[in-house]
Amino acid sequence: MSTLDVIVATIGRAHGLRGEVALVLRTDQPEERLSPGTAFQVEVAGLSRTLTVARTRLQQERWYASFEEVTDRTDAESLRGVDLEIAVDAEEEASEDPDAWYPAQLKGLAVRHVDGRELGVVAGVDHYPAQDLLVVRTPDRRRVQLPLVEQLVPEVDLEAGVVIADPPGGLFDALPEDEQGPEPETSGPARTER
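Trainee: Would you mind showing me how to read the side chain of Thr52 here?
Mentor: Along the chain, Thr52 falls in strand 4 (residues 47-59). The class for Thr52 is buried, based on a relative accessible area of 11%. Residues in contact with Thr52, not counting those within four places in the same chain, are Gly37, Thr38, Ala39, Ser66, Phe67, Glu68 and Glu69.

Right, here's the structure in full:
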């Protein structure tokens, strides 16, 4: 059995005084993946700890969770930004939804324009409240963020190892040399000779 580590949710701000937290969902199956009794191994401030879901609720289209191990607001605040991750059976997931994919599966895939041009390689996925962004490392080593929406990324083919993109004009065009700014390695203070 091959497994995939999947981020189910990211813990947001504390809610109330009894340890409840807001969740930023990364799954389309929250009822199943966040059911009471589900335990997550997380790292908080360099220490490993277990978070066991006590209960979840949905209020105004926002998910909230309480964990058995978290009883006050201070502890809940310390969890902000922690990812809740589980291991899933890759083959079972693929059989349930053959068109589904996970961000970890995209890393390293070639990114091609709908016209066939090579745009780069997937370096990762950045998660933002409005939408996720596909991070593409271009052949000239630039980092381009492409909104991960169907209009701009119409196809992800895991078997072929390619992501097809239809980015807006100019997004992948290189800037003229004088508009690119300094390279990260050379942006330190200038040295003067004496």
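What follows continues from the structure just given.
Trainee: I would appreciate a short explanation of the pattern of salt bridges in the present structure.
Mentor: Two side chains that carry opposite charge are able to pair once their charged atoms sit near each other. Following the criterion strictly, the structure yields seven salt bridges and no others. As a salt-bridge pair, Arg49 and Asp75 come within 2.9 Å of each other at their nearest N and O atoms. Of this pair, Arg49 sits in strand 4 while Asp75 is found in helix 2 (residues 73-78), placing the two residues 26 residues apart along the sequence. The exposure class of Arg49 is partly exposed, given its relative accessible area of 21%. Between Arg143 and Asp126 there is a salt bridge, and its shortest N-O distance comes to 2.9 Å. Residue Arg143 is found in strand 10 (residues 143-147), and its partner Asp126 is found in strand 8 (residues 118-127); the two are separated by 17 residues along the sequence.

Trainee: It is not clear to me how the nonpolar core should be interpreted in this structure. Could you clarify?
Mentor: The tendency in soluble globular proteins is for nonpolar side chains to be buried as a group. Ranked by internal contacts, the top residues of the largest apolar core, which has 25 residues, are Ile11, Leu23, Phe40, Leu51, Phe67 and Leu84. Of all the secondary structure elements, the ones that give two or more residues to this core are strand 1 (3-15), strand 2 (20-25), strand 3 (39-44), strand 4, strand 5 (62-67) and strand 6 (83-89). Ranked by residues supplied to this core, first place goes to strand 1 with six residues. Excluding its chain neighbours within four sequence positions, the residues that come into contact with Phe40 are Val8, Arg33, Leu34, Arg49, Thr50, Leu51, Val53, Leu84, Glu85 and Ile86. Within the second largest apolar cluster, 16 residues are counted, among which are Leu109, Val144, Val163 and Ala165.

What counts and what doesn't
Residues numbered from 1 in each chain as written. Predicted model: local features only at pLDDT ≥ 70, side-chain atom pairs only at ≥ 80, totals over all residues. Heavy atoms only, no water. Helix = DSSP H or I, 4+ residues; strand = E, 2+ residues; numbered from the N terminus. Buried < 20%, exposed > 50% of the residue type's maximum accessible area, 1.4 Å probe, protein only. Contact = heavy atoms within 4.5 Å. Salt bridge = Lys/Arg side-chain N within 4 Å of Asp/Glu carboxyl O. Core = buried A, V, L, I, M, F, W, Y, C linked by side-chain atoms within 4.5 Å.

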